[in-house]
Structure formats: C-alpha cells, structure tokens
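# Notes for the structure review
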Amino acid sequence: MAMPRIREVRAYVVRGGGADYHDQGGQHWIDDHIATPMARYPEYRASRQKFGLNVLGTLVVEIEAEDGTVGFATTTAGEPGAYIVEKHLARFVEGTPVTSIEKIWDQMYSSTLFYGRKGLVVNCLSAVDLALYDLLGKIRQEPVYALLGGPVQDELVFYATGARPDLAEKLGFIGGKLPLQHGPAEGPAGMRANLDKLASMRERVSEDFFLSWDCWMSLDLDYATRLARDSAEFGLKWIEEPLPPDDYWGYAELRRRVPTGTWVSTGEHEWTRFGFRLLLEMGCADMIQPDVNWCGGITELTKIAALADAYGVPVVPHGSSVYSYHFVITRRNSPFSEFLMMHPQASEIVPMFHPLLLDEPVPEGGRLRLPETPGFGVRLNPECDLHRPYTH
C-alpha cells in the first residue's frame, strides 16, 4: 500500500495545564517562591506567574493524512505559535508523504532562520515534528519507539522533580530534584534557607536516594559555586541550570569549580544540535537535558543525543512525558527519566499533561513499561476547550 500524503495541518490553543504545565491555578508548588532570573525584582519574586511564565498556554498541532488518520503533539507556544504553524510551517507539510519527516524538518528550520533558530519558533517546529511521528506510528500501527529502532531496556526508571522528595521516595522514585527557592538577591539568609531545606530533606530520605537542585537560570557564577560546594556535604548529585542558558563560558568554569562527584547539568532551555554542540565542545555539562517538545522534536533530539554519546555525556530529557519516554527507552545513553510531580502538593502521581491527554502513562513504583499503542499512545481529551485562532 502506498504511503498516504498529508492533507491538512491544524493548530489549536488551550489553557490550563497541558504542555504549558506552569499554567496552573493557585497554591501549586511549581509557582511557590522559586528562584528565577526575575527574582532580583522583589515584586516578581514570590510567583513565576507574576512575570508571565504562564502567558503563552499550550499549542496543539494536528496533522491529518489523506486516509483520515490524525497525528498530534503539543508544546508551549500558545496563540503566537498557532500563527507560525498555520501561516508559515504548514506549507512545508501539506501535500508531502507522511514519511518525509527529515525533509520537512529541514525546510521548516531553514525557512525560519531569519526569525527563529531558538525559542518559540523551534517549539512550534518541535510540535510539528512530534505530530508527524505520531501520525506515522498510527499509520504503520507501531509505537514511536519502534520507529526509532526499538527498546534497549525493558522499562523506564524515574527520578521525581517536585517540592517533596521525601514523599517521592516512598512512591518508588530513585531520586528527587528540588526547586531552589532563594537566589542571589536574597543574600546570605536566602543561601542559609536553601541549605537548611536540603539538609532537612537529606535527613528524611535514605542514603541511596539522590538529591539535586533545579536552579532555573537564576544564579550567577559565584553564587552557583558556593551553593554547589556547600551542598556537597549532603551528597548533592547535580546542580541544574544554575546560569543563563547562553553563558557557555560560565558553565565551563562552574564545572571546573564544583566539588568532585557533583555534576553540572543544563539544556532545558537550549535548542537544536548547534546549541548543544557548544555545550559539549566547551565542556559545560556532565549531563544534558534537552526538552523534546522544545529543542526540535525527535528528529533533532536524535542528533543531539548522537553528539552527546560521542562525548560520553548522558542525555536525560527534561520532562515532556510520552514524547521523551519513547525516545529514552531506545537509548543506552539515557540511564533514567524525569517525572514532573504535577500534583499541587507533589504528594500524588498525576499525569504530567493532565487534563489535556488521555491514556498518558505514569510510573508505578518509580518504573514504567511503555505500551505497544501506535504512535505516542495518547489521545486528546474532548472535554478540553481547544481553540483554532487561525487558518490558512
């Protein structure tokens, strides 16, 4: 049977959770006094939503083939992203065979160089790329991980990101990543509060359960150095994204300064193989953490991972639920996965993209066996209010 061509691309916007997982209601740990680059301004210190972290919302891209099969994927891009997909990127997708994923990626990326390369545009490109993989998997009746060469491990093993690592250990996770709450603008008292929190968590978890800091681009080189050194006595496994993402020189220097046994990690807010090439060539990180919904999709993540493999640097994708799970299970260089605790108190396991996705698998006892459902194995929740602001 001839492979069908693509009939139509559609871009929708939805609010409240989903791919824009910071788009939450009040009293959620993910928005509770977390250190950010904006914390130098007191009026924006207590809440990330105050400076607009949730302003975009979720973008959903649907791609329909001539035979009526529909693939979809999500990212953080909202209405600006919907405009880019409908008005620009769709022309490279419609009318092409569903197998033309590499060519479509190259045309989308090359055509947007004059205003893209990183950020929002590549987020949109990522969603199109992932939707194409979902579509191809459904047409071939195979899970995406089969399209990537098949699993190299029987199950995924997870660490948890959230405010309560002690509860995460009881749920079976192998480690916990804490959001750093106080940055340089809060002075010595803030540093003491950070270390006291880490010490308290260390007392509540077992010796084999690792702890790490998620710093969300909020520190400078001096503060990050002191935090890493003072955290070493609590067995800190890594310090994540402590500096602005473009400060490659700072990351290289920080990696030279941190105590032996403490990793420096970054990459959540990096885009394409070109950005990760700098991180790897300059020796910026012991582990990289690309987000497949942002960095360029699976087409690009495959290239990023190949680069990292050559440098002996592990690839542990940031969040992104099923979109990273199908990739990680095919890689020896991805020893574990991240699970973002989206329960408001981080005390229960709920799907990361809730309520947008149905059938989204979650770990049990810190582990997950991926089903053989075609594509990424998830469905859009019909109760979510998807809005198509543009057409083409």
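No experiment lies behind these values; they were computed from the predicted model shown.

Calculation rules
- Residues numbered from 1 in each chain as written.
- Predicted model: local features only at pLDDT ≥ 70, side-chain atom pairs only at ≥ 80, totals over all residues.
- Heavy atoms only, no water.
- Buried < 20%, exposed > 50% of the residue type's maximum accessible area, 1.4 Å probe, protein only.
- Helix = DSSP H or I, 4+ residues; strand = E, 2+ residues; numbered from the N terminus.
- Contact = heavy atoms within 4.5 Å.
- Polar contact = N/O pair within 3.5 Å; in protein donor to acceptor, adjacent residues only side chain to side chain.
- Pairing = 2+ DSSP bridges.
- Axes fitted to C-alpha atoms, helices over the stretch in contact; angles between N-to-C directions.
- Core = buried A, V, L, I, M, F, W, Y, C linked by side-chain atoms within 4.5 Å.
- Salt bridge = Lys/Arg side-chain N within 4 Å of Asp/Glu carboxyl O.

## Describing helix α7 (residues 221-231)
All of the buried residues in α7 are Tyr223, Ala224, Thr225, Leu227, Ala228 and Ser231. Buried-residue contacts for α7 involve α6 (187-204), β6 (210-214), β7 (236-240) and α8 (248-257). The backbone nitrogen of Asp222 lies 3.3 Å from a side-chain oxygen of the residue at the head of α7, namely Asp220.

## Digging into the pairing of strand β10 (residues 337-340)
Alternating residues of β10 divide into Ser337 and Phe339 and Glu338 and Leu340, and every residue in both groups is buried. Of the strand pairs in this sheet, strand β4 (residues 156-161) and β10 are connected by 4 bridges, and their pairing is parallel. Its bridge partner lying in β10, Ala160 is registered against Phe339.

## A few points about the sheet that holds strand β3 (residues 70-76)
Strand order in the open sheet formed by 3 strands is β1-β2-β3, and the pairing between neighbours is antiparallel. The strands lining the two open edges of the sheet, one partner per strand, are β1 (6-14) and β3. The average undirected angle you get between the axes of adjacent strands in this sheet is 20°. Pairing geometry for β1 and strand β2 (residues 58-65), over 8 bridges, is antiparallel. Paired with Val13 across the strands is Leu59, a residue of β2. Most of the contacts of helix α1 (residues 78-87) go to β1, to which it runs at about 165°, and overall it touches β1, β2 and β3.

## Some words on the environment of Gly365
If you trace the backbone, Gly365 turns up in the loop between β11 (357-358) and β12 (367-368). Looking at Gly365, the relative accessible area reads 43%, which means it is partly exposed. It is 9.6 Å that separates the C-alpha atoms of Gly365 and Ala168, two residues lying 197 residues apart in sequence. Not counting chain neighbours up to four residues away, the residues in contact with Gly365 comprise Leu171 and Gly172.

## Some points on the nonpolar core
In this structure, Ile63 and Tyr323 are the most contacted members of the largest nonpolar core, which totals 120 residues. For this core, the element with the most residues is helix α3 (residues 120-140), which contributes 13 residues. The contact partners of Tyr323, leaving out residues within four places of it in the chain, are Phe72, Ala73, Thr74, Leu130, Val292, Asn293, Ile298, Phe353, Leu357, Phe376 and Val378. Counting 6 residues, the second largest nonpolar core, distinct from the first, contains Tyr159, Trp238, Met287 and Phe336.

## Concerning the pattern of salt bridges
Tallied over the entire structure, the rule returns 23 salt bridges. Here Asp134 makes a salt bridge to Lys138, at a shortest N to O gap of 3.0 Å. Placement of the pair is Asp134 and Lys138 together in helix α3, with a separation of 4 residues, close to one helical turn. In this structure, the salt-bridge partner of Glu253 is Arg257, at a minimum N-O distance of 3.0 Å. In this pair, Glu253 and Arg257 are both assigned in helix α8, 4 residues apart and thus about one turn of the helix distant. We classify Glu253 as partly exposed; its relative accessible area is 25%. When salt bridges that share partners are traced, they join Arg7, Glu8, Arg10, Glu62, Glu64, Glu86 and Arg388 into one network.

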